[in-house]
Amino acid sequence: MGPPPGGSAGSGYWSRPALLFWRWGHGPAATRTCRRGEQAEHPDTRGQPHSWFRREWRLIAGLSLSAVCLVLAVRQISIDDLGTAIAMARWEWVALAVVVVVASSSLKAVRWRVLFFPRRVPIGRTWSVFMIGQMLNILLPARAGEVGRIYLIGDEGAVSHAAALSSVVVEKVVDLVMLTLAFFIVALWLVTTSTDFPDWLRDAGMGLVLLAALGLASILLLARLGQRIWHLLRRTLKPAPARWIAVADSAVEQAISALGSLQHSQARFQIWTWSLLIWALMALTNALVFLAFDLELSPYVALVLLVVLMSGVALPPLPGNVGVFVYLCILVLSLFAVNRETALVYGITLQIVAFLPLVVVGFACLLWENWRAKRGFTTIRSGQTSRKKD
């Protein structure tokens with residue numbers, strides 16, 4: 001197993017962004033705690049079937065779900081009609097959709113920066129780290145990008161890892177509230193049309209309402225009463241060493257202070273304004289791909305599709321939501337009399353539009369962060385060498 005990009009095993013330095021990507025990309029035989037070129041190995045248990053299954057059951061479940069979705073997506077497909085659907089695509093609309101995807105992700109980075117209020121994190125740094133996180137979410141399982149951006153932004157002097165974690169939690173709750181709002185809009189629209197309200201969409205929506213209410217109430221409660229709650233819980237830690245309690249105090253204080261953006265009126269206004277614009281742009285992406293295939297569908301259908309996709313791919317079974325994304329597109333478009341061949345091509349195109357630009361931009365940002373970290377390391381080494389000569 002070779003060294004990660006950005007350094008060799010004997011170089012004594014691995015840049016953090018490159019090391020982060022390398023850690024997540026390697027299998028369970030290697031530990032993910034390598035430091036400065038040292039690599040520890042776990043005992044090889046691959047010959048034990050039960051150990052392998054315990055370690056890889058998520059992958060097996062994800063492969064199974066993706067395989068089922070792929071079979072459901074391509075069944076009863078006419079090759080001739082599929083070719084016709086591909087030939088009718090208008091790629092100028094697809095190109096515009098790509099621009100909108102990058103713009104919406106950039107606005108997410110701006111919103112994430114507001115969540116650090118009152119800390120001021122450079123917008124360029126926030127955008128770069130956020131795009132790396134988006135790339136990792138697409139390429140790696142289990143939402144690895146969220147862990148990645150917490151790790152990377154936490155290296156910034158003004159932001160701790162605890163504060164970064166709190167910002168991501170708030171971000172997810174805000175998006176959950178926006179998803180619930182989108183569901184209500186969709187439900188009101190479906191009532192006015194002849195389209196039946198699918199039971200699975202209704203049931204999923206009710207679950208979203210409960211989760212959004214619980215999540216929003218929890219973070220508002222912690223923002224206002226977090227310190228008091230911690231002081232009560234802290235009493236149970238008295239038997240623990242004083243050093244551990246001090247570390248916990250610091251982490252909790254930083255995490256709770258990161259919720260301050262929800263208590264500041266200006267920051268709160270920006271968070272919800274950016275969120276509305278982000279979700280509008282995500283729905284616009286779906287609508288632009290509708291235009292690419294001459295689908296005369298209501299803008300509300302784009303919102304229905306957004307609600308289903310955001311709900312269905314929240315916990316990706318495999319990197320890139322292979323199979324699941326396309327099948328959900330077919331499932332939704334079939335409700336509005338779109339043939340399976342066009343829906344299949346639409347789903348594949350939309351997935352490429354939604355994922356590929358973010359992978360390209362994220363990888364470019366990873367290279368930039370790698371170069372930036374190397375340059376900082378070289379500067380420190382040069383300064384130390386100069387002082388020794390003096």
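Chemist: Just give me the short version of the environment of Gln 270, but keep the residues and values in it.
Modeler: Positionally, Gln 270 belongs in helix α10 (residues 265-292). Note: C-alpha distance between Gln 270 and Arg 111 (159 residues apart in sequence) is 7.5 Å.

Chemist: Hey, could you go over the side chain of Ser 128 for me, with residue numbers and the actual values?
Modeler: One can find Ser 128 in helix α5 (residues 123-139). When its relative accessible area of 2% is taken as the criterion, Ser 128 is described as buried. Of note is the side chain of Ser 128, whose polar atom sits 2.9 Å from the side chain of Glu 369. Discounting residues that sit within four places of it in the chain, Ser 128 has contacts with Cys 365, Trp 368 and Glu 369.

Chemist: For a nonpolar patch on the surface, give the residues involved together with the corresponding values.
Modeler: A cluster of nonpolar residues, Leu 181, Ile 185, Leu 276 and Tyr 300, forms a patch on the protein surface that exposes about 340 Å² of accessible area. Within the secondary structure layout, Leu 181 lies in helix α7 (residues 161-191).

Chemist: Go over the packing of aromatic side chains with me, naming the residues and quoting the values.
Modeler: In total, this model carries nine aromatic pairs according to the counting rule given. Each ring, one from Trp 368 and one from Trp 371, has its centre 5.2 Å from the other, and the planes form 35 degrees; the classification is tilted. Taken together, the residues Trp 368 and Trp 371, both in helix α13 (residues 340-389) and three residues apart, mark about one turn of the helix. Take Trp 368: its relative accessible area is 45%, and that puts it in the partly exposed class. By relative accessible area, which is 43% here, Trp 371 ends up partly exposed. Through a chain of ring-to-ring contacts, three or more aromatic side chains come together here, namely Trp 112, Phe 116 and Phe 130. One residue, Arg 149, lies across the ring of Trp 112, its end atom 4.7 Å from the ring centre.

Quick notes on the rules
Residues numbered from 1 in each chain as written. Predicted model: local features only at pLDDT ≥ 70, side-chain atom pairs only at ≥ 80, totals over all residues. Heavy atoms only, no water. Helix = DSSP H or I, 4+ residues; strand = E, 2+ residues; numbered from the N terminus. Buried < 20%, exposed > 50% of the residue type's maximum accessible area, 1.4 Å probe, protein only. Polar contact = N/O pair within 3.5 Å; in protein donor to acceptor, adjacent residues only side chain to side chain. Contact = heavy atoms within 4.5 Å. Patch = residues over 30% accessible without salt bridge, like charges linked within 9 Å, V, L, I, M, F, W, Y side chains within 5 Å. Areas by Shrake-Rupley, 256 points an atom, 1.4 Å probe, with all protein chains shown as cover. Salt bridge = Lys/Arg side-chain N within 4 Å of Asp/Glu carboxyl O. Phe/Tyr/Trp six-rings, centres within 6.5 Å; stacked < 30°, edge-to-face > 60°. Lys NZ or Arg CZ within 6 Å of the ring centre and 35° of its normal.

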